[in-house]
Amino acid sequence: MSVPAAPNVGLAKRLRRSLRRDPGLFSMPALLIVSLAITVAIHPQFSDFDLQSLAMGALPLAFAAAAQTVVVISGGIDLSIGSAMAVANVLAASAMEKANFAQSLPLAVAVLIAGAIIGALNGLIVILSRIPDVVATLTTGFIWGGVALVIMEKPGGGAPQEFLNLGTGTLFTTWLPNALVLLVVAVGTIWIPLRRSKLGLQIYAVGSDRIAAFRSGVNINRTRFAAYVFSGLFSAVGGLGLTMTTGIGAPLAGVYYTLSGLAAVVVGGVSLAGGRGGMVGPVMAAFVLTLIPTDLIFLNIDPNFGQVIQGTLIVVIVMIGGFVEMERNRK
Amino acid sequence: MSERSKTVFSRVIVGITGGGFVSLLRTRTIVALILLLLVLVAGIQMARPGTVNPIWISNMLLFAAPLGIVAAGQTLVMLTGGIDLSVASVATASAYLMATHSGLGVAAAILYGLGVGFVVGLINGIGVALLRVQPLVMTLGTGLMTEGMLVVYSQKKMAEAPRVPQFIEDLGAGKFLGGIPNDLIVWVPIAIILIFVLRRTGYGRLLYAVGDNSKACTLAGIRVWRILLVNYVTCGLLAGVAGLIIVGGTDSAELRLAEVYLLPSVAAVIIGGTSIFGGRGGYSGTIVGALILTVLNSILTLLDVPESVRQILYGAIILLLAAAYTRLTD
């Protein structure tokens, strides 16, 4: 949290504290570097093109992870993110098909608003119906999947080339893919102000201890609602990312991202119990999870094992987290 | 928390029916569920006179059985405060493995199918019960693993086309004695055993106790991990059984065969009155929940709307039912 550290707190202590609050902040960059090193080791001709396809592949997953992160930190869960991404994806691809670049930008904003509305509806349903969030968002995910199919029955549509370039091109040098820039800019402009704001603090507070937050005067329902709105917004960015990287809209493409996004969140060190974790971990975890199938292809192994490894990673990492917690409690 | 909305809701019911009815619904929620089921059936009959006949009823039971069996495992898991998101992948994998091993004979093929359920259930159980991973994460992980393994396996097995044996086909699609679905032969005993175990045996009571307060159970000397382990293995096995019946009904083992059963399996349990936080509910509610969802599906099919609209309506109605139910019982 953005509480300024007291001046007499030493640097080491502050480091240790932020490590405890967000284990992903330090471990994930390390894990990403290691997995990049492994990739380069087994595929020495790793080129700027490989970097570009990594960034493009990870872009939608990173946004799915970002969307899930906000809700999970607030102590909830959102199993409708993939379908929300699909809605944004087909909305963008059907609206932009005949548009030029200048028209496509306001359309993109409209898609973002639609995403926020989807998030708001998720939030309202979870809070007003009092159905547990797992079940409620599992069901709304089903509904948004239907909405995506209404908008576009079969994969199709398109977007102007300049718009696609935002996700597929490169900036200045071929080693700096636009997808990476877009990711950093989008997550940065949404997350950093949010985290530093009062609302951000409230999201962490509600996630870590709802009753304590309530007694400190935090409006629980409003905070949880806001978390779902941000989740919808990130999902919409992810849907736009899908449109950019695939060039079309596909009503079923999003499904995969719900579970993989949650996997990235777990791997990225965000506690599913809420209130602990940050954005750096999950986003970087999205890159690690994207690298796995790529590496498998380089190693001539069936890339479908990637999903198996993903599943194993989730379980193992949560187990390690559990052991650390147990050890800490024993002391 | 929302005392106001609760009183509004119950006042409406009190206004219509008089006071005794609400308390009856509160204490015997299954009555409300059965009433809802009857209303739905009456609705179909009024919208399309002549729809409701013995053949229709027998078809509803036929379609409800696999859902009821998946939801049986889900009920057990939810009673202990967990959830199993791997049931759909397990059911699919069980069906696929059975179909690709049908050359070995029916019994062996079925064993392969159920074996998948057992193994995944065991892994879930070890993770949740011994290593204390949250059920959501554990079953999410094993679901991904099962699905991934199945895709890899299906590509290796490309040469041998999966074939559904006649016995399984009869089980999943056939009827006997002029209309009783064969899959009831599997579902009814499972239902009877489950209801008996939950209501009358020590294991059943322990299940509720663990779901209600697992810490208290540990302090009372109950080996909570054993209960959970058995629970997840049973859930996996039941998902495997359901997978066999589903593939018998469709007669083709596909990689996304049982995917559509995940949401209904959770929804049937919730609508049936089992709390996702554990310790409250039972299987009889789930049975009615599964029947309600099946009838609902049949209504949506009769409406003859596109698949997309159907999906939206189905989800929306599940939300409404679950919300109404949560308000009625809380």
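Since we're looking at a predicted model, the values are computed, not measured. (Residues numbered from 1 in each chain as written. Chains lettered and ligands numbered in written order. Predicted model: local features only at pLDDT ≥ 70, side-chain atom pairs only at ≥ 80, totals over all residues.)

Participant: Tell me about the overall build of chain B, and name the residues and values.
Facilitator: In terms of helices and strands, chain B carries 15 helices and two strands. Radius of gyration (C-alpha) of chain B: 20 Å, near the 20 Å computed for a compact globule of 330 residues. Projected onto the principal axes, the alpha-carbon positions of chain B cover approximately 65 × 60 × 35 Å. A burial count over chain B gives 46% of its 330 residues as buried. (Helix = DSSP H or I, 4+ residues; strand = E, 2+ residues; numbered from the N terminus. Rg over C-alpha atoms; globule rule 2.2 N^0.38 Å. Buried ≥ 20, exposed ≤ 12 C-beta atoms within 10 Å, placed from the backbone.)

Participant: Outline the overall build of chain A, supporting the account with residue identities and numerical values.
Facilitator: Each helix and strand counted, chain A has 14 helices and zero strands in total. The helix and strand sequence of chain A, counted from the amino end, reads α-α-α-α-α-α-α-α-α-α-α-α-α-α. Its C-alpha atoms give chain A a radius of gyration of 20 Å, within 12% of the compact-globule value 20 Å for 331 residues. For chain A, the spread of C-alpha atoms along the principal axes amounts to about 60 × 50 × 35 Å. The buried share of chain A, reckoned over its 331 residues, is 51%. Within chain A, contacts between residues at least 6 apart in sequence are counted, and of these 79% link residues at least 24 apart. (Contact = placed C-beta atoms within 7 Å.)

Participant: So what's going on with the packing of helix α8 (residues 166-173) of chain B against helix α12 (residues 224-250) of chain B? Residues and values would help.
Facilitator: All names here are of chain B. Remark: α8 packs on α12, axes separated minimally by 7 Å, with the N-to-C direction vectors making an angle of 90°. Considering their axes alone, α8 and α12 lie roughly perpendicular with respect to each other. In this structure, α8 uses Ile168, Glu169, Leu171, Gly172 and Ala173 to contact α12, whose residues at the interface are Leu244, Ile245, Ile246, Val247, Gly248 and Gly249. Taken together, the residues of the contact of α8 with α12 break down into seven nonpolar, three polar and one charged. (Axes fitted to C-alpha atoms, helices over the stretch in contact; angles between N-to-C directions. Parallel < 35°, antiparallel > 145°, perpendicular 65-115°, else oblique. Nonpolar A, V, L, I, M, F, W, Y, C, P; charged D, E, K, R; others polar.)

Participant: Residue-level account of the environment of Leu59(A), with values.
Facilitator: Residue and element names in this part refer to chain A. Its place among the elements puts Leu59 in helix α3 (residues 48-73). In this structure Leu59 comes out as buried when scored by C-beta crowding, with 29 C-beta atoms within 10 Å. Measuring from C-alpha to C-alpha, the distance between Leu59 and Met244 comes to 9.7 Å, with 185 residues separating the pair along the chain. Apart from residues lying up to four places away in sequence, Leu59 is in contact with Gly167, Ala179, Leu183, Gly241 and Thr245.

Participant: Quick one: what's the story with unusual backbone geometry, residue by residue and with numbers?
Facilitator: Positive phi values are uncommon outside glycine, yet Arg130(A) reaches one of about 60°. Notably, Arg132(B) is not glycine yet its phi reads approximately 55°, a positive angle. Among the secondary structure elements, Arg132(B) is positioned in the loop between α6 (106-130) and α7 (135-156).

Participant: Outline the interface of chain B and chain A, listing residues and values.
Facilitator: When the parts of a complex come together, some accessible area is lost, and that lost area is often taken as the interface size. The interface is formed by 38 residues belonging to chain B together with 35 residues belonging to chain A. Elements supplying a minimum of two residues to the side of chain B that touches chain A: α7, α13 (262-271) and α15 (307-329) of chain B. Among the residues making up the side of chain B that touches chain A, the classes are represented as 24 nonpolar, 10 polar and four charged.

Participant: Break down the nonpolar core for me, with residues and values.
Facilitator: Ranked by size, the top nonpolar core spans 203 residues in total, and within it Ala91(B) and Ala95(B) carry the most contacts. If one sorts the elements of this core by residue count, α3(A) sits on top with 16 residues. Apart from residues no more than four positions distant in its own chain, Ala91(B) is found in contact with Val70(B), Ala239(B), Gly240(B), Ala242(B), Gly243(B), Ile246(B), Ala258(B) and Tyr261(B). (Core = buried A, V, L, I, M, F, W, Y, C linked by C-beta atoms within 7 Å.)

Participant: Quick rundown of the packing of α13(B) against helix α14 (residues 283-303) of chain B? Include the residues and the values.
Facilitator: All names here are of chain B. It is the contact of α13 with α14, at a shortest axis distance of 7 Å, that shows an interaxial angle of 125°. In terms of orientation, α13 lies oblique with respect to α14. With respect to the hand of their crossing, α13 and α14 are arranged in right-handed fashion. Between α13, through Pro264, Ala267, Ala268, Val269 and Ile271, and α14, the contact on the second element is made entirely by Thr286, Gly289, Ala290, Ile292 and Leu293. When grouped by side-chain class, the residues that make up the contact of α13 with α14 number eight nonpolar, two polar and no charged. (Left-handed = near helix turned anticlockwise from the far one by under 90°.)

Participant: Help me get a handle on α3(A), residues and values and all.
Facilitator: Residues and elements named next belong to chain A. Across its 26 residues, α3 extends 35 Å between first and last C-alpha, which sits within 8% of the 38 Å expected from 1.5 Å per residue. A maximum bend of about 40° is found in α3 at Leu59, where proline Pro60 lies one to four positions downstream. The buried count for α3 comes to 20 of 26 residues, which makes it a mostly enclosed element. With its phi angle positive at about 90°, Gly75 sits one or two positions after the end of α3. (Expected span 1.5 Å × (residues − 1). Bend = angle between axes of the 7 residues up to and from the residue.)

Participant: A description of helix α4 (residues 54-79) of chain B should follow, citing residues and the corresponding values.
Facilitator: Residue and element names in this part refer to chain B. The sharpest bend along α4 reaches about 35° and sits at Ala64, with the proline Pro66 one to four residues further on. Of all 26 residues in α4, 19 are buried; the element is thus mostly enclosed. Within two residues after α4, Gly81 carries a phi angle of roughly 85°, on the positive side.

Participant: Give me the lowdown on the confidence of the model for chain B, citing residues and values where you can.
Facilitator: With 90% of its residues at a pLDDT of 70 or more, chain B has an overall mean of 85. Across the whole predicted complex the pTM is 0.86, and at the interface the ipTM reaches 0.82. (pLDDT = per-residue confidence, 0-100.)

Participant: Describe the environment of Leu61(A), naming the residues involved and giving the relevant values.
Facilitator: Residues and elements named next belong to chain A. Summarising the element assignment, Leu61 is placed in helix α3. A count of 26 C-beta atoms within 10 Å places Leu61 in the buried class. Distance in space between the C-alpha atoms of Leu61 and Phe287 is 8.2 Å, their sequence separation being 226 residues. Residues contacting Leu61, with those up to four places away along its chain left out, are Tyr257, Ser260, Gly261, Ala264, Ala286, Leu289 and Thr290.

Participant: Outline the environment of Val181(A), supporting the account with residue identities and numerical values.
Facilitator: Looking at the element boundaries, Val181(A) is found in helix α8 (residues 178-196). Setting aside chain neighbours within four positions, we find Val181(A) in contact with Leu171(A) and Leu176(A).

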